[in-house]
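Given next are the chains, with one letter for each unit.
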Amino acid sequence: INRNDPKEELSVGLDRGNRSQAYLCGRLFAVLEKLQQEASNNSLNRTIKDAYFASASSKPALVFPKLVRLAQNHLNKVKYPVFYNKLMGEIIDGLNGEFPETLFLKEQGKFIVGYYQQYQSFFEKSEKTEETEEK
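Rules behind the numbers
- Residues numbered from 1 in each chain as written.
- Predicted model: local features only at pLDDT ≥ 70, side-chain atom pairs only at ≥ 80, totals over all residues.
- Heavy atoms only, no water.
- Helix = DSSP H or I, 4+ residues; strand = E, 2+ residues; numbered from the N terminus.
- Buried < 20%, exposed > 50% of the residue type's maximum accessible area, 1.4 Å probe, protein only.
- Contact = heavy atoms within 4.5 Å.
- Areas by Shrake-Rupley, 256 points an atom, 1.4 Å probe, with all protein chains shown as cover.
- Phe/Tyr/Trp six-rings, centres within 6.5 Å; stacked < 30°, edge-to-face > 60°.

Caption draft 1: Spotlight on the overall build of the chain. If you tally the helices and strands in the chain, you get five helices and zero strands. Counting from the amino terminus, helix and strand elements in the chain follow one another as α-α-α-α-α. For the chain, the proportion of its 135 residues judged to be buried stands at 41%. A separation of at least 24 residues holds for 76% of the contacts in the chain among residues at least 6 apart in sequence. By element, 51% of the accessible surface of the chain is carried by carbon and sulfur atoms, the whole surface being about 8,300 Å².

Structure follows, in structure tokens:
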């Protein structure tokens, strides 16, 4: 992806400064999935990733309004709803007021990178917390 678009380089870890619409949609999808998992105490057989990943990465404008609306129900069931609300707001704020209509193949790659980098960041924070508690 970096080779084809020299203006925008994707980093190895989560890039909170990346304002690519596709990257932000991927990050948002990861947050919504993590919220869903936490609200169900990780007891789901099928998450939004199983049902919506392909369509969210190609037609975000059709999928994300529904997913964000469903997430409101999950917020009532988690321990720290403010954390998720703040993170969703931060990401949505960078979307220029609307979800992109279509993401082409190159942009879908950015979506996937954003998704996995955001999702991985949830585990890095818990690992740092565990290290601190052990000391």
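Caption draft 2: Seen up close, the packing of aromatic side chains. Considering all chains together, one arrives at 12 aromatic pairs under this definition. Measuring from centroid to centroid gives 5.2 Å for F64 and F99, while their planes differ by 15 degrees, and the two rings are stacked. Remark: F99 occurs in the loop between α4 (81-93) and α5 (105-134) and F64 occurs in helix α3 (residues 60-75); sequence separation between them is 35 residues. For F64, a relative accessible area of 0% puts it in the buried group.

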